[in-house]
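Here is what each chain is made of, one letter per residue.
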Amino acid sequence: MKKAFLLVIIYLNSFYLFSQLPLFSDSTIISLLTCSPGKEVYAKFGHTAIRLNDPLTGNDLIFNYGVFSFDTKNFYLKFIKGETDYQLAVYDTQSFLQEYIARNSMVWEQILNLTPQEKKKLIQSLLINYEPQNRIYRYNFVYDNCSTRPRDKIVEALEGEIEYTGFFEEKTFRDLIGIYTGENSWLKFGIDLILGADADKVATRNESMFLPEMLMAQFQSAKVISNFNSARPLIVENKIIVQKNPEKLSQTFPLFLPISVCLLLFLVAITCTVLNNKRSFRVFDSIAYIVSGLMGLIIFYLMFFSAHPLVKSNFNILWLNPLNLFAGVFLWIRKTKPILFYYQILNSLFLFIALIVFILGIQEFNIASIFLILTFLLRTVRWVATTRKDFIFKNNLKSTSKKY
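Being a predicted model, the structure only gives us computed values, none of them experimental. (Residues numbered from 1 in each chain as written. Predicted model: local features only at pLDDT ≥ 70, side-chain atom pairs only at ≥ 80, totals over all residues. Heavy atoms only, no water.)

J.: Would you mind going over the packing of helix 6 (residues 173–181) against helix 7 (residues 186–194) with me for this structure?
T.: Geometry of a packed helix pair, given as the angle between the helix axes and the separation of the axes. Between helix 6 and helix 7, the shortest axis-to-axis distance is 9 Å and the interhelical angle comes to 155 degrees. The orientation of helix 6 with respect to helix 7, classified from their angle, is roughly antiparallel. Here helix 6 and helix 7 pass one another in a crossing that is right-handed. The residues of helix 7 that touch helix 6, namely those facing Arg-174, Ile-177, Gly-178 and Thr-181, are Leu-187, Lys-188, Ile-191 and Asp-192. Residues belonging to the contact of helix 6 with helix 7 are distributed by class as follows: three nonpolar, two polar and three charged. (Axes fitted to C-alpha atoms, helices over the stretch in contact; angles between N-to-C directions. Helix = DSSP H or I, 4+ residues; strand = E, 2+ residues; numbered from the N terminus. Parallel < 35°, antiparallel > 145°, perpendicular 65-115°, else oblique. Left-handed = near helix turned anticlockwise from the far one by under 90°. Contact = heavy atoms within 4.5 Å. Nonpolar A, V, L, I, M, F, W, Y, C, P; charged D, E, K, R; others polar.)

J.: Quick question: what am I supposed to make of the packing of aromatic side chains here?
T.: Geometry of an aromatic ring pair is reported as the spacing of the ring centres plus the angle between the planes. Applying the stated criterion to the full structure yields 22 aromatic pairs. Consider the rings of Phe-300 and Phe-304, whose centres lie 4.8 Å apart with planes at 45 degrees: the pair is tilted. With a gap of four residues between them, Phe-300 and Phe-304 both fall in helix 10 (residues 278–305), about one helical turn apart. Residue Phe-300 is classed as partly exposed on the basis of its relative accessible area of 36%. (Phe/Tyr/Trp six-rings, centres within 6.5 Å; stacked < 30°, edge-to-face > 60°. Buried < 20%, exposed > 50% of the residue type's maximum accessible area, 1.4 Å probe, protein only.)

J.: I tried to follow the packing of helix 4 (residues 116–130) against helix 5 (residues 148–157) on my own but got confused; where do I start?
T.: As a packed pair, helix 4 and helix 5 sit with axes 8 Å apart at the nearest point and diverge in direction by 140 degrees. With respect to helix 5, the element helix 4 is oriented oblique. As helix 4 packs across helix 5, the resulting crossing turns out to be right-handed. Two secondary-structure elements touch here, helix 4 through Glu-118, Lys-121, Leu-122, Ser-125, Leu-126 and Asn-129 and helix 5 through Arg-149, Lys-153, Ile-154, Glu-156 and Ala-157. Looking at the contact of helix 4 with helix 5, its residues break down into four nonpolar, two polar and five charged.

J.: Explain the sheet that holds strand 6 (residues 136–138) here, please?
T.: Note: strands within a sheet are paired through backbone hydrogen bonds, in either parallel or antiparallel orientation. Strand order in the open sheet formed by seven strands is 6-4-3-2-1-5-10, and the pairing between neighbours is antiparallel. Each edge of the open sheet carries a strand with a single partner, namely strand 6 and strand 10 (235–242). Between one strand and the next, the sheet's axes are offset by a mean angle of 25 degrees, whatever the strand orientation. Pairing of strand 2 (residues 47–53) with strand 3 (residues 60–67), which is carried by four bridges, proceeds in the antiparallel orientation. The partner of Leu-52 across the bridge, within strand 3, is Leu-61. Contacting strand 1 (29–35), strand 2, strand 3, strand 4 (85–92), strand 5 (107–112) and strand 10, helix 3 (residues 93–102) runs over the sheet at an angle of about 110 degrees to strand 4. (Pairing = 2+ DSSP bridges.)

J.: Sorry if this is basic, but what is going on with the environment of Ala-197 here?
T.: Tracing the backbone through its elements, the reader meets Ala-197 in the loop between helix 7 and helix 8 (212–220). For Ala-197, a relative accessible area of 16% puts it in the buried group. Those residues in contact with Ala-197, other than ones at most four positions away along the chain, are Lys-312, Ser-313, Phe-315, Ile-362 and Gln-363.

J.: Is there a simple way to explain helix 6 in this structure?
T.: Since one α-helical turn is 3.6 residues long, residues separated by three or four positions face the same way. Most of helix 6 is tucked away: seven of the nine residues are buried. Along helix 6, the residues classified as buried are Phe-173, Arg-174, Leu-176, Ile-177, Gly-178, Tyr-180 and Thr-181. On its buried face, helix 6 is in contact with helix 7 and helix 8. The first or second residue beyond helix 6 is Gly-182, which carries a positive phi of 90 degrees.

J.: Explain the nonpolar core to me, please; I cannot follow it from the model alone.
T.: Generally speaking, nonpolar side chains in soluble globular proteins are found buried as a group. Ranked by internal contacts, the top residues of the largest apolar core, which has 34 residues, are Ile-30, Ile-50, Leu-52, Phe-63, Phe-219 and Leu-234. Among the elements of the structure, strand 1, strand 2, strand 3, strand 4, helix 4, helix 5 and helix 8 are those that each provide at least two residues to this core. Top element by residues in this core is helix 4. It accounts for five residues. Ignoring sequence-local partners within four residues, the contact set of Leu-234 consists of Ile-111, Leu-112, Asn-113, Leu-158, Ile-162, Phe-219, Ala-222, Lys-223 and Val-224. (Core = buried A, V, L, I, M, F, W, Y, C linked by side-chain atoms within 4.5 Å.)

J.: Can you help me understand the pairing of strand 2 in this one?
T.: Successive residues of a regular strand alternate their side chains across the two faces of the sheet. Counting buried positions over the seven residues of strand 2 gives six, a clear majority of the element. Bridging between strand 1 and strand 2 involves seven bridges; their strand directions are antiparallel. For Thr-34, the partnering residue across the bridge sits in strand 2 and is Thr-48. What sits between strand 2 and strand 3 in their antiparallel hairpin is a turn of six residues, with Gly-58 showing a positive phi close to 80 degrees.

Below, the structure is given as structure tokens:
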């Protein structure tokens, strides 16, 4: 379905690209469309678009800032680097709505209360933005996306100041994202690992509108204050144009949830430590260190080389250390044991600091990851303790040999 939708977009884009841009009369109805979240990861947060519906000319078009293509060269590398380019696409309303009918998402329409001059200004701005040299932009999940762009275009066209009067509950960026990912899901677990301390800052009312449904809620009660202190509501009508059919909620078996899996790994670590089966826990430790090292490489790259917001200053790197890759390999090489011994002492310190960061609330960690931190701490301290005994025994043996 996604590929088919992209083909429709490409076809319609080509049509408008090589034809004259449509004209709109003063009777054009301009509205903000908000689409409820879908099941796919890229659709989890919903969507926003602007609709221009002119009953006189028959032009009924959607201006959509959320178009991208997986076929873009080096798409996934660019996505990780935060260099994904989105573009403004224009296509007819029915084609747009059919996609959301097919994926069973609700679509709300908020009709904007604009003066003729504001309509003209907004339409002109959208048409200029759609010109080939202007339509592509560098996507930013929080600060410049398919929700913030329509908002900014609408606000810029207003002849007066916009005043938000509706209820607003202060939440951190992490909490806002968590509303749409679920509190105990693997998606939430993964996002919590790559988000840094900046994600725990409270988002302002304006910043929270990176989420389409937050934008819709704030627009619903917003007022436009003119130069003469007169106020008018920004929205004159709110209606549902695509209804969502009831769905049976799928539930993950409790044992497969992140917190259950991480707790199980912690119990396995305790068992390995108690039984003291060296070969068994060496395999367990090696796999754990290598996997954590690979995850640490991703976090390290995002922190220092990615343009993504909210991924800097990520204290998860204290326990998902990229150097764990070497530790996982050195466990099997006898000659590297002294190097590994001193690294594990340093690693124990990092793990203790990670727990302090969690306890003091310097950065919010996913609760499931705490069991993983405890797992690494238990195995690392245990390894240092047993290896230290070997060092003491060997050193004493050498000293005794020298005497004789």
